Amino acid sequence: TDLASILYEYGTLLCEDGELEDALPLLEEALRTQKSIKGLKDARVANILLKIAEVHVEGERFDSSLVSLEQVILIAGSVDDSDDIDLSTCQYLLGVTYIARENFEKA
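Each chain carries its own residue numbering, running from 1 in the written order of its sequence. Per-residue local features of the predicted model are confined to residues with pLDDT of at least 70, and side-chain atom pairs are confined, for both listing and counting, to 80 or more; whole-chain, interface and lining totals are unaffected and use all residues. Calculated side-chain values reflect all of the structure's heavy atoms, with hydrogen atoms and water omitted.

Asker: So what exactly am I meant to see when it comes to the overall build of the protein chain here?
Answerer: A count of helices and strands for the protein chain gives five helices and zero strands. Starting at the N terminus and walking to the C terminus, you meet the elements of the protein chain as α-α-α-α-α. Compactness check: the protein chain gives a C-alpha radius of gyration of 13 Å against a globular reference of 13 Å for 107 residues, within 12% of the reference. Once the C-alpha set of the protein chain is aligned to its principal axes, its extents read approximately 40 × 35 × 20 Å. Looking at the 107 residues of the protein chain, the share that counts as buried comes to 43%. For the protein chain, long-range pairs separated by at least 24 residues make up 56% of all intrachain contacts whose partners lie at least 6 apart in sequence. Each accessible area value is a Shrake-Rupley result obtained with a 1.4 Å probe; residue values ignore everything except the protein chains displayed when judging cover. Accessible surface computed for the protein chain: about 6,200 Å², of which carbon and sulfur atoms make up 48%. Working definition: helices are DSSP H or I runs of at least four residues, strands are E runs of at least two. Numbering for both runs from the N terminus. The size measure is the radius of gyration over C-alpha atoms, and the globule rule it meets is 2.2 Å times the number of residues to the 0.38 power. Partly exposed describes any residue whose relative accessible area lies between the buried limit of under 20% and the exposed limit of over 50%, with all areas from a 1.4 Å probe on protein chains only and scaled to the type maximum. By the convention used here, residues are in contact when the closest approach between their heavy atoms is within 4.5 Å.

Written as structure tokens, this is what we have:
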């Protein structure tokens with residue numbers, strides 16, 4: 001998980017600098033690494049997916065953001081440490097995604 005943490009942190013720094021396209025492959029590799037070690041039901045996996053969703057929303061790739069956000073919700077419902085998952089950001093990004101997809105009822 002150390003590699004996943006390093007990749008996640010570096011990807012997050014790139015996001016903060018506006019380097020979203022450079023950040024995405026690092027975040028995806030962090031996700032693969034963390035999932036291979038801990039499986040899908042892991043708060044860190046959810047947080048990596050949340051950051052990936054943020055990148056997709058910024059890049060207006062709303063179908064991709066929806067997939068990631070739905071996974072975050074599923075993970076949050078199945079882990080004991082769901083307090084470690086930023087569900088308020090997840091709900092916000094879901095709203096933005098649904099509005100962009102003109103699904104106002106779900107937004």
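Asker: What am I meant to see in the state of the cysteines here?
Answerer: Throughout this description, disulfide means a covalent bond between two cysteine sulfur atoms. Cysteine sulfur atoms that pair up within 2.5 Å are treated as a disulfide. One pass over the full model with this rule turns up zero disulfides. We note that Cys 90 lacks a disulfide partner, and the nearest cysteine sulfur, in Cys 15, lies 16 Å from it. Classification of Cys 90 as buried rests on a relative accessible area of 0%.

Asker: Help me out: how do you make sense of a negative patch on the surface in this one?
Answerer: Here, patches come from residues exposed beyond 30% relative accessible area and free of salt bridges, joined within 9 Å for like charges and within 5 Å for nonpolar side chains (Val, Leu, Ile, Met, Phe, Trp, Tyr). Any carboxyl oxygen of Asp or Glu within 4 Å of a side-chain nitrogen of Lys or Arg constitutes a salt bridge here. The sign given to each residue is positive for Lys and Arg and negative for Asp and Glu; His and the chain ends receive no count. The atom standing in for a charge is NZ when the residue is Lys, CZ when it is Arg, CG when it is Asp and CD when it is Glu. Together, Glu 9, Glu 16, Asp 17, Glu 19 and Asp 22 give the surface a local cluster of negative charge. Secondary-structure assignment places Glu 16 in helix H1 (residues 2–16). Residue class for Glu 16 comes out exposed when judged on its relative accessible area of 61%.

Asker: What exactly am I supposed to notice about the pattern of salt bridges here?
Answerer: Side chains that differ in charge, positive against negative, can pair when their charged atoms come close. This model, assessed by the stated rule, comprises four salt bridges. We note a salt bridge from Glu 21 to Arg 61, for which the minimum N-O separation is 3.3 Å. Taken together, the residues Glu 21 in helix H2 (residues 20–38) and Arg 61 in the loop between helix H3 (43–58) and helix H4 (62–76) connect sequence positions 40 residues apart. We classify Glu 21 as exposed; its relative accessible area is 51%. Taking the shortest distance from any N to any O, the salt bridge between Asp 63 and Arg 101 comes out at 3.0 Å. Taken together, the residues Asp 63 in helix H4 and Arg 101 in the segment after helix H5 (87–100) connect sequence positions 38 residues apart. Asp 63 gets classed as exposed once you look at its relative accessible area, which sits at 52%.

Asker: Got a minute to help me understand H1 in this structure?
Answerer: Given 3.6 residues per helical turn, the α-helix brings residues three or four places apart onto the same face. Helix span, expected: 1.5 Å multiplied by one less than the number of residues in the helix. Relative to the 21 Å expected for 15 residues at 1.5 Å per residue, H1 spans 21 Å between its end C-alpha atoms, a close match to the ideal helical length. Buried within H1 we find Ala 4, Leu 7, Tyr 8, Gly 11, Thr 12, Leu 14 and Cys 15. Down the axis of H1, the buried side of the element spans an arc of 160°, and every buried residue falls inside it. For H1, the exposed residues lying more than 90 degrees away from the buried face are Asp 2, Ile 6 and Glu 16. Those residues of H1 that are buried lie in contact with H2 and H3. To be clear, the arc concerns the directions from the helix axis to the C-beta atoms.

Purely geometric numbers; function is a separate question.
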